[in-house]
Every structure is written in structure tokens, then in C-alpha cells.
Amino acid sequence: EFHTFPSVFMQDGGGGESLGIYVPIKSGSLLIEPLIMYSSSSTETDYDDYSLDDSETSESDLTLLIGILKPTRRGKTRSYYGIRFGKNWHECDEDDSNNNNYYYNSCGEDSENLIIAPTIGAEYYISDNFSFGGEGMYTMVTIEEKEEEYSITSKQNMLIPRFIVRFYF
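Reading the values: rules and limits
- Residues numbered from 1 in each chain as written.
- Predicted model: local features only at pLDDT ≥ 70, side-chain atom pairs only at ≥ 80, totals over all residues.
- Heavy atoms only, no water.
- 1 Å grid on protein atoms, 1.4 Å probe; cavity = no way out; pocket = protein on both sides within 12 Å on 5 of 7 lines; lining within 4 Å.
- Points joined across faces, edges and corners; volume = space filled by probe spheres on them.
- Helix = DSSP H or I, 4+ residues; strand = E, 2+ residues; numbered from the N terminus.
- Nonpolar A, V, L, I, M, F, W, Y, C, P; charged D, E, K, R; others polar.
- Pairing = 2+ DSSP bridges.
- Buried < 20%, exposed > 50% of the residue type's maximum accessible area, 1.4 Å probe, protein only.
- Lys, Arg positive; Asp, Glu negative; His and termini not counted.
- Salt bridge = Lys/Arg side-chain N within 4 Å of Asp/Glu carboxyl O.
- Polar contact = N/O pair within 3.5 Å; in protein donor to acceptor, adjacent residues only side chain to side chain.

### Some details on the layout of surface pockets
The method is simple in principle: a probe with the dimensions of a water molecule rolls over the atoms, and the space it marks as empty is what remains.
So, step 1. Size it by volume and the second largest pocket reaches roughly 310 Å³.
So, step 2. Put simply, the parts of the chain that give the lining of the second largest pocket at least two residues each are β3 (25–27), β4 (30–45) and β9 (151–167).
So, step 3. Broken down by class, the residue content of the lining of the second largest pocket amounts to seven nonpolar, no polar and five charged.

The structure is reproduced here in C-alpha cells:
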């Protein structure tokens, strides 16, 4: 599957920043789409000035989604509608022993994000193994950040259009 606008490039913290493993499963009259995405990054800062300690920041995102879609087929066209839902876990660790960045925390907070996305789409089969189509996904993400003194709950809503080219084997 190839997307011209992968949703992971359009999201900020609620869906991951990497492409994942996508394995659609046909179950009776439903299409089940589990999706696993993982990304990690680290940044190391080495200061040349002897009065500042070096620092290191590492971040990771794990997203687990499942889609439950109802497909209908008419000729060479398959349309589908349903919902995708899941969770995203974002972890960030900043090692800065002298608090050089006291006023600027580049790391952010650890968070758990609940993702709900009603979805509608269609694809046209050029052959048995090749199709192209489009999809619209209205993504609702609830972000929860917890600290010792407080917790913050944020909500993001986003319409994600996609043009999809698929090869089946």
C-alpha cells in the first residue's frame, strides 16, 4: 500500500511519526485492519564549554490501532465504512544533570493518547492485484499527560484525506 499523504506525516503526537505494519484480515462480512507503528529518536548535545554538562534526549512512540470496516463491492469498485480506534504511548527521557535547559524543556511530557477515527473510503480495481482509491478519516485524539502535581487532558480533531494505491499478492 502506498499513500500520497500518509496520515503519520500530518499528525503531531497522536498517531506516530513512522509507517507501521498493516495486515488487513477479511472476517466474514467485515474487514479487520490491525496497525502497529513504532518510532524512536535520540539527540545528544556535547558542549565545548567546560561549564556546561552534556545532555541527551530520547523519545519513543508506540501506536496500536484496529480498524473494523464494512466493505461493499459493486463491479470493480469496493467501498467501505467503519471505525478505527486504538492508543498511542509517547515517552520522553531527558538526561540533563545541571538543568542547562531550565527554561526550555525540549522533551515534553510522557503521554497516553486515545484515538477514535470514523472512516469512509473506496477503491477501484484495475486488476485482481492492483487498485487505487481514496479515504477520509476523521480522527479524534484525546491526549492525557500526567505529572506529580497535575494532569492535562487535550483533544485534537483532524480530517485526514488519503489517496491510496494498493498491490495485492
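After presenting the structure, the write-up continues.
### Points about the pairing of strand β7 (residues 111–127)
So, step 1. Sheet topology places strand β6 (residues 77–95) next to β7; 14 bridges connect them, and they run antiparallel. Within β7, the residue paired with R84 across the bridge is A117.
So, step 2. Direction of pairing for β7 relative to strand β8 (residues 130–146): antiparallel, over a ladder of 14 bridges. Residue pairing for β8: Y125 is matched across the bridge by S131.
So, step 3. Where β7 folds back onto β8 in an antiparallel hairpin, the turn is made up of two residues.

### Looking at the side chain of D61
So, step 1. Along the chain, the position of D61 falls in strand β5 (residues 55–74).
So, step 2. Summary of buried charges: D61 has no salt-bridge partner, and the nearest side chain of opposite charge, K87, is 13 Å away.
So, step 3. Side chain to side chain, D61 and H90 meet in a polar contact 3.1 Å long.

### Details of the pattern of salt bridges
So, step 1. Under the defined criterion, the tally for this structure stands at six salt bridges.
So, step 2. Notably, a salt bridge pairs E123 with R78, separated by 2.4 Å at the nearest N-O pair. In this pair, E123 is assigned in strand β7 and R78 in strand β6, connecting sequence segments 45 residues apart.
So, step 3. For R78, a relative accessible area of 12% corresponds to the buried category.
So, step 4. R162 is paired through a salt bridge with E135; the nearest N and O atoms lie 2.6 Å apart. Of this pair, R162 sits in strand β9 while E135 sits in strand β8, placing them 27 residues apart in sequence.

Geometry only, nothing functional implied.
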